[in-house]
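# Results of the structural survey
Chain residues, written in single-letter form:
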Amino acid sequence: MNDDVRNIVLGVIATGIATAIGWCARTYLWRRRLRRKQRFFGLPDNSECLLVVNESAGGGGWSVARRDVFALLELYALIKDCGANAEIVAHDAMRQGFGERTEFCVGGPVSNQRMAAHLRTLLPGVQVDTSPERGPEQSAIRVGGQAYRWERGVSEHVLLARLTDGRTAPDARPVFLASGQHSNTNHAAVRYLARNYGKLMRKYGNEPFCLVLKVVNPDAYGPDVVELAADVTRAALRPAPTPEPAPAPAPDPAPAADPG
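Reading the values: rules and limits
Residues numbered from 1 in each chain as written. Predicted model: local features only at pLDDT ≥ 70, side-chain atom pairs only at ≥ 80, totals over all residues. Heavy atoms only, no water. Pairing = 2+ DSSP bridges. Helix = DSSP H or I, 4+ residues; strand = E, 2+ residues; numbered from the N terminus. Axes fitted to C-alpha atoms, helices over the stretch in contact; angles between N-to-C directions. Contact = heavy atoms within 4.5 Å.

### Considerations on the sheet that holds strand S4 (residues 126-128)
Pairing is antiparallel in the open sheet, where 3 strands are placed in the order S4-S5-S6. One side of each edge strand has no neighbouring strand; the edge strands of this open sheet are S4 and strand S6 (146-148). The sheet shows a mean angle of 20 degrees between the axes of neighbouring strands, direction not considered. As defined by bridge partners, strand S5 (residues 141-143) adjoins S6 across 3 bridges and the pair is classed as antiparallel. By the bridge assignment for S6, isoleucine 141 is matched with tyrosine 148.

### With respect to the sheet that holds strand S3 (residues 102-106)
One open sheet accounts for 7 strands, arranged S2-S1-S3-S8-S7-S9-S10; its pairing is mixed. Looking at strand neighbours, the two that pair on one side only are strand S2 (85-90) and strand S10 (226-231), the edges of this open sheet. Averaged over all pairs of adjacent strands, the angle between strand axes in this sheet comes to 20 degrees, irrespective of strand direction. As defined by bridge partners, S3 adjoins strand S8 (residues 175-180) across 4 bridges and the pair is classed as parallel. Its bridge partner being in S8, glutamate 103 is matched across the sheet by valine 175. Seen against the sheet, helix H4 (residues 183-204) touches S3, strand S7 (155-163), S8, strand S9 (209-216) and S10 and runs at an angle of roughly 130 degrees to S9.

Right under this line is the structure:
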């Protein structure tokens, strides 16, 4: 074997080794990112999770709003990326606790009984106006002394939360809430979660969080333009302070005695 042939053979071998090392490194990094994603969502390989579906407020009988269907489709894609399986359950058919399986609950407390229960139990510092009467306070979200009001088609808000029952990883199976003022905001919260879970994971790890997201000009931009309005985790996790009762009025002074 002359020098030229030997150099060619050595070059091919070196290229093969470098390619194998690069492939192994990429595979290792991909698997590492996947494991971190699975821990964040509580979705190990072949695990089961719940997609809790709300009821369309404007539909006759039981139906799901079109935007909520889009949100569920994006969640389903995320779940399959983690190698897990999903079971779709109607909000009023849930008769079990939380923490055994990861749960994604979509819809506001008016259209989703399960969401209403989660807000009372897991986010006691959050109040959502559920009155059917139209007005400036309709569907307003109040937390930490701040009100996030619904301006239909202009500025709409949604709560996005990751919560657990207090157990530590890897046993914890979180509950993800997307509770919005409109089905478009539910979709926006799910899309924000799917696109930004890496940032959320780096900031919060596997700890609970609760965010208020603002969906800007949804009539023009749909669920795509979303701003972080506030991180309300601390205020949402503790009960809202009870307003102090008004002080009792002072008694009228006794009438002066008549000198005559």
